[in-house]
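# Coordinate analysis (summary)
Each chain is listed here by its residues.
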Amino acid sequence: MNYVMGIDLGTSSVKVSVMNKEGDIVSQESSDLSVDQEQPGYSEQDPEEWVTATTVAIVNLALKDHIDLNDVEGVSFSGQMHGLVLMDKDNAVLRPAILWDDTRTTEQCKEIMDICGDDFLKITRNRPLEGFTLPKILWVKENEPKIFAQAKTFLLPKDYLRFRMTGDISMEYSDAAGTVLLDVENKTWSKEICDKLGLNIDICPKLVSSIDEVGKISEHYSKFSGMSMNTRVFAGAADNAAGAIGAGIMDESKVMISTGTSGVVLKHEDSIRDYGGKLHFFNHAIPDKYYSMGVTLAAGHSLSWLHDNFGESMSMEEFVKLAGESQVGAHGLLFTPYIVGERTPYADSKIRGSFIGVSSKNNKADFVRAVLEGVIFSYEDILKIYHEHGEKFDTVYSIGGGAKSPLWLQIQANVFNTKVSTIENEQGPGLGAAMIAAVGVKWFSDLHECADKFIKKGKSYWPEPEKADRYKELYKIYSQIYAQTKEMNHELIDFRNND
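Residues numbered from 1 in each chain as written. Predicted model: local features only at pLDDT ≥ 70, side-chain atom pairs only at ≥ 80, totals over all residues. Heavy atoms only, no water.

Bringing the overall build of the protein chain into the picture now. If you tally the helices and strands in the protein chain, you get 18 helices and 24 strands. Taking 23 Å as the expected radius of gyration for a compact globule of 499 residues, we find that the protein chain reaches 22 Å, a close match to that expectation. Each principal axis of the C-alpha distribution contributes one length, and for the protein chain these read about 65 × 50 × 45 Å. Across the 499 residues that make up the protein chain, the buried fraction comes to 60%. For the protein chain, restricting intrachain contacts to residue pairs at least 6 apart in sequence, the fraction spanning at least 24 positions comes to 71%. Of the roughly 19800 Å² of accessible surface on the protein chain, a fraction of 48% belongs to carbon and sulfur atoms. Looking at the protein chain, you have 51 positive and 73 negative side-chain charges, and the mean spots of the two groups are 2 Å apart. (Helix = DSSP H or I, 4+ residues; strand = E, 2+ residues; numbered from the N terminus. Rg over C-alpha atoms; globule rule 2.2 N^0.38 Å. Buried < 20%, exposed > 50% of the residue type's maximum accessible area, 1.4 Å probe, protein only. Contact = heavy atoms within 4.5 Å. Areas by Shrake-Rupley, 256 points an atom, 1.4 Å probe, with all protein chains shown as cover. Lys, Arg positive; Asp, Glu negative; His and termini not counted. Charge placed at Lys NZ, Arg CZ, Asp CG, Glu CD.)

Here it is as structure tokens:
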């Protein structure tokens, strides 16, 4: 038997999937990860935990699931984006990794634009935001100079994990674009930006393509994990790029919505597009292609927060089903999912969420419904940007937590007024990572051929005209909330920080 392995390094867990040539998941194991949030706005992880958790999952594949690891021909990766891992001359990690949802770098984002101006957007195709890697590098440089003085290079999470498994230090384009240090069109690190910000360009690792073979399992990691030194290792992709591949988003007529801790609206792009910085624009894992995307920072997290605080002993599935006892508009209750700030279309780390229209008529079912609808309205905010730029698409593919509830999927179809489809064997970024490995070991000529074999389409949901009209009316009200609560929320954040 021949297998490929996809390793999906997330924020809360790492999931390792083994697949055969038919695209079937033969086995899957995962390990949880912890996040250190020692003060508001901070979010860090110990990179060593990534290595340990991944290895535990791999060992369990062999011990619990009886997978012969010698049969794994190739392995590839998907990973949480933007996290900063600083390494010294001996490749030792200098400090905990600063993660994508860390928001301490507001001053550094302003500094970047003050120094680089509009040239920054022309080069990187993105505005510097707190979640991206470059502001984190500047924060360490300015706030931890002794640590930064020891830094020889930096990596992103899945690239660090790959280094520990192979010894190869490199970064692939779909993740590198998310550092906002990459010249996206020319696929090179930007010396101009480095020079303006006082950074040595040598800190940037070598660049590779997602499907490039970067080595084999090292002798040390083979002894550590039981994996074969003959297993070929491929660079992999940023989680959103890998998720798009795993959902079959390979042409411009389709859009992917992925609901995890955060929520992503992603569109395939065949060529360079200019969205004026309103959307992220990154190199794709598909060679010489791109993808654009917008992010809701607290999508699934908003629902988890409500469940953890008010779900009592109910399972998440039971909790979500409560929304079916409510109706369109949750009896006049609206929710904005800004509970950790927001990214698209409002790049605002200090905005916070709101329940608007609370009355004595509302019950728990209304609050659950309002959260589901509010998250989907935040996706509509992003889709609206595409519509304004003349983009058209006929299908929205929904993956992640938002694809597990038929009710939530139907609400998506009604709010977007577009067909929403699912993937039957949906595994998110992990499937995309396995597909990269399958192409790498030459099971398929390219990712399109692999997608035809590996991806199995699921159920589709069509808009219900009357409900779609009601949601269109409600969205107009929702769209006013940000502007009318922004100043108040900023004042409340300042008040809290002075406690």
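Let us now look at the sheet that holds strand E19 (residues 290-296). Taken in spatial order, the seven strands of this open sheet run E18-E19-E17-E16-E22-E23-E24, and their pairing is mixed. In this open sheet, the two edge strands, each paired with only one partner strand, are strand E18 (280-283) and strand E24 (457-461). Looking at each pair of strands side by side, their axes are set apart by 30° on average, direction ignored. Sheet topology note: the E18/E19 ladder contains four bridges and is antiparallel. Paired with Phe282 across the strands is Tyr291, a residue of E19. Relative to strand E17 (residues 263-269), helix H13 (residues 364-388) is tilted by about 20°, and along the sheet it contacts strand E16 (254-259), E17 and E19. Across the sheet, helix H14 (residues 406-416) is in contact with E16, strand E22 (395-400), strand E23 (419-423) and E24; its angle to E23 comes to roughly 145°. (Pairing = 2+ DSSP bridges. Axes fitted to C-alpha atoms, helices over the stretch in contact; angles between N-to-C directions.)

All right, on to unusual backbone geometry then. Note: most residues except glycine have negative phi, and most peptide bonds are trans. Residue Pro345 follows Thr344 across a cis peptide bond; omega there is 0°. The topology assignment puts Pro345 in the loop between strand E20 (334-336) and strand E21 (354-356). Its identity as a non-glycine residue notwithstanding, Lys187 has a phi of 55°, on the positive side. Here Lys187 shows up in the loop between strand E10 (182-183) and strand E11 (188-189). Unusually for a residue other than glycine, Asn417 sits at a positive phi of about 55°.

Let's shift gears to the UniProt feature "domain: Carbohydrate kinase FGGY N-terminal" (unreviewed entry) in the protein chain. This chain's UniProt record puts "domain: Carbohydrate kinase FGGY N-terminal" (unreviewed entry) on residues 3-246. Along residues 3-246 one finds 35% helix and 24% strand; the C-alpha atoms at either end are 17 Å apart. (UniProt positions renumbered as here; feature names shortened; annotations may be inferred.)

Once the domains are mapped, the protein chain shows domain 1 (3-235) and domain 2 (248-498). Contacts between the two partners involve 48 residues from domain 1 and, on the opposite side, 41 residues from domain 2. When the area that domain 1 buries against domain 2 is broken down by residue, the three leading residues are Trp100, Arg125 and Ile211, summing to 16%. On the surface where domain 1 and domain 2 come into contact, there are two salt bridges. Salt-bridge contacts for Asp288 lead to Lys187; the nearest nitrogen and oxygen are separated by 3.5 Å. Our enumeration of links across domain 1 and domain 2 arrives at eight residue pairs in polar contact (both at pLDDT 80 or more). (Domains from an automatic or database assignment. Buried area = accessible area lost by both parts, 1.4 Å probe. Salt bridge = Lys/Arg side-chain N within 4 Å of Asp/Glu carboxyl O. Polar contact = N/O pair within 3.5 Å; in protein donor to acceptor, adjacent residues only side chain to side chain.)

The UniProt record marks Met81 and His82 with the feature "binding site: substrate" (unreviewed entry), using the residue numbering of this structure. Its place among the elements puts Met81 in the loop between strand E5 (72-79) and strand E6 (85-87). Overall, Met81 belongs to the buried group, its relative accessible area being 3%. Non-local contacts of Met81, meaning those with residues more than four positions away in its chain, are made with Trp100, Ser174, Asp175, Gly178, Ala238, Asp239, Asn240, Phe282 and Tyr291. Looking at the element boundaries, His82 is found in the loop between E5 and E6. For His82, a relative accessible area of 4% gives the class buried.

On to the nonpolar core. Core analysis: the largest hydrophobic core is formed by 164 residues, its most contacted members being Met5, Ile7, Leu134, Phe154 and Met435. Here this core gathers at least three residues from each of two domains, domain 1 (3-235) and domain 2 (248-498). Contacts of Ile7, omitting those with residues within four sequence positions, involve Val14, Lys15, Val16, Thr54, Ile58, Val75, Ser76, Phe77, Ser78, Leu161, Met165 and Ala433. (Core = buried A, V, L, I, M, F, W, Y, C linked by side-chain atoms within 4.5 Å.)

Turning our attention to the pattern of salt bridges. Scanning all chains against the criterion turns up 32 salt bridges. Note that Lys191 is salt-bridged to Asp195, the shortest N-O span being 2.8 Å. In this pair, Lys191 and Asp195 are both assigned in helix H8 (residues 191-196), four residues apart and thus about one turn of the helix distant. Using a relative accessible area of 48% as the deciding quantity, one classes Lys191 as partly exposed. By sharing partners, the salt bridges in this structure join Glu44, Arg95, Asp102, Arg104 and Glu144 into a single network.

All right, on to helix H1 (residues 47-63) then. Between its first and last C-alpha atoms H1 spans 25 Å; for 17 residues at 1.5 Å apiece the expected length is 24 Å, and the two agree. Pro47, Trp50, Val51, Ala53, Thr54, Thr55, Ala57, Ile58, Asn60 and Leu61 are the residues of H1 that are buried. (Expected span 1.5 Å × (residues − 1).)

In this section: the packing of H14 against helix H17 (residues 465-478). Contact pair H14 / H17: the axes reach a minimum separation of 7 Å and the direction vectors enclose 70°. Classified by the angle between their axes, H14 and H17 sit roughly perpendicular to one another. With respect to the hand of their crossing, H14 and H17 are arranged in right-handed fashion. Here Ile411, Asn414 and Val415 of H14 come into contact with H17, specifically with Lys467, Ala468 and Tyr471. Residue classes in the contact of H14 with H17 are distributed as four nonpolar, one polar and one charged. (Parallel < 35°, antiparallel > 145°, perpendicular 65-115°, else oblique. Left-handed = near helix turned anticlockwise from the far one by under 90°. Nonpolar A, V, L, I, M, F, W, Y, C, P; charged D, E, K, R; others polar.)

This paragraph deals with the packing of aromatic side chains. For the structure shown, the criterion picks out 20 aromatic pairs. A centroid spacing of 4.8 Å and a plane angle of 40° characterise the contact between Phe335 and Phe355, whose relative ring orientation is tilted. Taken together, the residues Phe335 in strand E20 and Phe355 in strand E21 connect sequence positions 20 residues apart. Using a relative accessible area of 2% as the deciding quantity, one classes Phe335 as buried. Put simply, the rings of Phe377, Tyr471, Tyr475 and Tyr478 pair up and form one aromatic cluster. (Phe/Tyr/Trp six-rings, centres within 6.5 Å; stacked < 30°, edge-to-face > 60°.)

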